[in-house]
Structure formats: C-alpha cells, structure tokens
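Here is what each chain is made of, one letter per residue.
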Amino acid sequence: MTQPNTEPPTVLSSQPQAPPFGRLITAMVTPFRPDGSLDAEAAARLATFLVDVQGNDSLVINGTTGESPTTSDAEKSDLLRAVVDAVGDRARVLAGVGTNDTTSTIRLARDAAKAGAHGLLVVTPYYNKPPQSGLLRHFTAVADAAELPVMLYDIPHRSVVPIATETLVRLAEHERIVAVKDAKGDLAATSWVLRRSDLAMYSGDDVMTLPGLAIGCVGVVGTSTHLCGRPTKQLIEAFLAGRVAEATDLHQRLLPLHTGIFRTQGPILVKAAMNALGLAAGPVRSPLVDATAAEYDQLRDDCAAAGIDLPEAAA
C-alpha cells in the first residue's frame with residue numbers, strides 16, 4: 001500500500017540562503033550642492049535613510065543612477081568613503097567602477113578597495129563594442145586585479161553589447177566574480193545562466209523583481225527602491241517564504257512606481273523625490289536636466305497609485 005506523503009511542502013524557491021550582497025540593493029543617486037559640487041554630508045544622510053528606513057542590504061555607489069559619467073575619480077573616492085563611514089557597519093557598499101577602458105576600470109577598482117568598498121559593480125564596456133573574447137578578458141583582468149567580490153552589470157540597451165550566456169558561464173569560474181546585475185530583459189537567457197553556473201543573479205530592472213525570483217534570481221538592484229524599498233523587500237521575502245499570492249499582490253501594487261520612475265532617466269525623478277522629502281539630493285549634472293513640474297506631478301501620481309505619498313511640490 002502506498003504510504004502517504006508526510007514531507008513538508010516545498011518552498012517555491014531555490015535561492016541560496018545567503019546571497020553575496022543580500023536581497024535588496026539600491027543604486028543610490030549622488031547628492032550635489034546647488035552649485036553642482038559633491039555633497040558628501042548629504043550622501044551620508046541619504047545612505048542612512050536607504051539602509052535604516054528603506055531596509056536596503058547593500059547600496060551601489062557611483063553607478064549610472066549616481067551620475068558616474070559626470071563625477072571625477074576624486075569625487076568617486078570621497079563619495080564612497082562618506083557612504084562607507086555612514087552605513088558600512090550595517091550594509092554592504094558596492095562601488096561602480098566600470099568604464100570602457102580596462103586600465104581605467106582596474107585603477108578605479110583599486111581606488112574603491114582603498115576607500116573601503118565591500119564589492120564592485122562592473123558594467124559591460126560601452127560604445128567601443130568589444131567582442132565576447134574582449135569582454136571575457138576585460139572582466140577577468142578586473143577581477144584578477146581587485147581583491148573584492150565582483151558583480152557584473154549586463155545592460156545591453158546602454159552598452160549595446162550583451163554578455164553572452166557562454167561568456168557569463170566562463171566568468172563564473174573566477175572566484176571573485178559572484179553576481180550579475182541582470183538588465184538584459186531576457187528571462188530565458190538568465191535561466192540558462194542559472195542552470196549552468198552558481199552566479200547570484202539580481203534583477204537590474206525594478207519591475208522584473210518578481211519574474212526574476214520565479215526563475216531563481218536572488219533579489220534586485222533597484223532605482224525606485226529609493227522610495228519603495230520596504231515593500232519591495234516584503235515582496236521578495238513573501239515569495240521566498242512561498243507566499244506567492246502576497247508577492248504577486250505587492251508586484252501589482254508597486255507596478256506604477258517600479259515602471260514610472262523610468263519615465264525619464266532615473267536620477268532625474270529620484271532626485272526630485274528626495275529633495276521633496278528633505279533629503280537634499282540637489283540638482284542633476286548636465287547633460288541631464290532637473291525634473292519639470294509636470295514630471296514631478298506624474299511621479300506623485302505614480303507613487304500614490306503604489307500607496308506611497310510625496311509632498312505636493314518639490315522643495
């Protein structure tokens with residue numbers, strides 16, 4: 001006679017228990033003073049808000065959302081030190097060091113290690129369109145030179161060149177290449193990487209957090225999470241605990257903000273929101289331009305639809 005199944009139900013996830021950088025990561029904007037200079041004190045306050053109020057496990061500093069194309073190497077180091085001093089005892093701080101030049105990227109990686117970073121975010125070299133063999137050599141050289149864990153950043157709509165599945169699988173063999181910020185938007189390709197490697201895959205697109213979790217991703221590197229970190233983390237935790245309906249409800253609730261923050265370039269709307277909340281993110285640097293009144297009003301509507309309140313007018 002067949003015995004009844006007495007095993008406990010399986011949780012609908014195969015995520016590792018301890019992803020290398022936690023589950024919720026925000027790519028932080030870089031605060032500037034009204035004259036456009038770096039505001040390290042405001043950066044420390046913003047980082048504290050993101051960790052202590054929004055619940056982030058890690059922060060990415062000097063990423064695209066941090067307007068890294070417009071900041072000097074010295075500013076990058078000063079910003080990183082300020083954030084590490086503010087929250088480095090309770091969150092991991094990843095330094096964006098990627099450029100389209102291997103030598104420059106290695107220099108920035110070494111500077112980041114000296115400034116106290118816990119890890120590196122290395123984007124695909126952009127504009128010069130290297131072949132896959134060049135990507136393999138580039139990322140390997142950076143990982144060899146740096147003594148920090150590396151998260152690759154695969155974002156072909158900015159870099160033009162995707163990191164191919166076979167390249168990612170080969171890069172996963174490097175002991176310090178441990179994760180990918182996956183903004184490719186190709187769940188089938190991501191699934192093959194997960195099947196063939198032990199890389200921790202993070203959604204690089206806020207709205208893909210739940211779909212990514214469903215195929216084995218471990219979390220998100222977000223932008224809208226400046227404003228909705230806590231509920232996004234609740235979504236992740238609900239899914240991992242097998243409460244799929246709850247996670248789906250949160251996904252649908254947050255959808256207007258997860259997508260609306262990208263109506264224009266992320267730093268523009270995030271800074272408008274942070275300024276309105278009194279967190280002094282300051283202006284964006286050219287060639288970006290600050291949010292218009294209409295853009296801010298639309299962001300308020302998107303936030304309201306996601307259950308999040310913003311003041312009526314930016315300060």
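Residues numbered from 1 in each chain as written. Predicted model: local features only at pLDDT ≥ 70, side-chain atom pairs only at ≥ 80, totals over all residues. Heavy atoms only, no water.

If you check an unreviewed UniProt entry, the protein chain appears there as 4-hydroxy-tetrahydrodipicolinate synthase from Pilimelia columellifera subsp. columellifera. Among the UniProt annotations of the protein chain, the heading Subunit (unreviewed entry) holds the following wording: "Homotetramer; dimer of dimers." (UniProt positions renumbered as here; feature names shortened; annotations may be inferred.)

(A) Up close: the overall build of the protein chain. Scanning the protein chain from N- to C-terminus turns up 12 helices and 8 strands. The globule rule puts the C-alpha radius of gyration for 315 residues at 20 Å, and the 19 Å found for the protein chain is close to it. Counting all 315 residues of the protein chain, 56% fall into the buried class. Pairs at least 24 residues apart make up 70% of the contacts formed inside the protein chain by residues separated by at least 6 positions. Only carbon and sulfur atoms are counted for the fraction: they give 52% of the accessible area of the protein chain, which is about 13,700 Å². The positive charge centre, built from 27 side chains, and the negative charge centre, built from 35, are 4 Å apart in the protein chain. (Helix = DSSP H or I, 4+ residues; strand = E, 2+ residues; numbered from the N terminus. Rg over C-alpha atoms; globule rule 2.2 N^0.38 Å. Buried < 20%, exposed > 50% of the residue type's maximum accessible area, 1.4 Å probe, protein only. Contact = heavy atoms within 4.5 Å. Areas by Shrake-Rupley, 256 points an atom, 1.4 Å probe, with all protein chains shown as cover. Lys, Arg positive; Asp, Glu negative; His and termini not counted. Charge placed at Lys NZ, Arg CZ, Asp CG, Glu CD.)

(B) Here's a closer look at the UniProt feature "active site" (unreviewed entry) in the protein chain. Feature annotation in UniProt assigns "active site" (unreviewed entry) to the following positions: Y153 and K181. The named residues occupy 29 residues along the chain; their greatest pairwise C-alpha distance, 4.7 Å, places them in one compact cluster. Examined against the element boundaries, Y153 turns out to sit in strand β5 (residues 150-154). Beyond its immediate stretch of four places on either side in the chain, Y153 contacts T64, L121, V122, V123, T124, I163, K181 and A183. Among the secondary structure elements, K181 is positioned in strand β6 (residues 177-182). Discounting residues that sit within four places of it in the chain, K181 has contacts with L121, M151, L152, Y153, D154, Y202, G204 and V221.

(C) Quick peek at unusual backbone geometry. Cis geometry marks the peptide bond from S286 to P287; its omega dihedral reads 20 degrees. Tracing the chain through its elements places P287 in the loop between α11 (266-276) and α12 (293-305). The backbone of Y127 sits at a positive phi, close to 75 degrees, despite the residue not being glycine. One can find Y127 in the loop between β4 (119-123) and α4 (132-145). Unusually for a residue other than glycine, V160 sits at a positive phi of about 75 degrees.

(D) Representation of the pattern of salt bridges. Within the structure shown, the criterion is met by 11 salt bridges. A salt bridge links D52 to R90, with the shortest nitrogen-to-oxygen separation between them at 2.8 Å. Of this pair, D52 sits in helix α1 (residues 40-53) while R90 sits in the loop between α2 (73-87) and β3 (92-96), placing them 38 residues apart in sequence. A relative accessible area of 40% means that D52 is categorised as partly exposed. One salt bridge connects E166 with R196, and the closest N-O pair in it is separated by 2.9 Å. (Salt bridge = Lys/Arg side-chain N within 4 Å of Asp/Glu carboxyl O.)

(E) The sheet that holds β4, seen in detail. Strands sit in the order β1-β2-β3-β4-β5-β6-β7-β8 around a closed barrel of 8 strands; the barrel is parallel. When strand polarity is set aside, the average angle formed by the axes of neighbouring strands in this sheet is 25 degrees. With 4 bridges joining them, β4 and β5 adopt parallel strand pairing. Directly across from V122, in β5, lies its bridge partner L152. (Pairing = 2+ DSSP bridges. Axes fitted to C-alpha atoms, helices over the stretch in contact; angles between N-to-C directions.)

(F) Layout of the UniProt feature "site: Part of a proton relay during catalysis" (unreviewed entry) in the protein chain. Taking the UniProt record as the reference, the feature "site: Part of a proton relay during catalysis" (unreviewed entry) is found at T64 and Y127. Residue classification places T64 among the partly exposed residues on the basis of a relative accessible area of 34%. If near-sequence neighbours (up to four positions away) are discounted, T64 is found in contact with Y153, R158 and P267. With a relative accessible area of 72%, Y127 lands in the exposed category. Those residues within four positions of Y127 in sequence are excluded, and the remaining contacts are N100 and S159.

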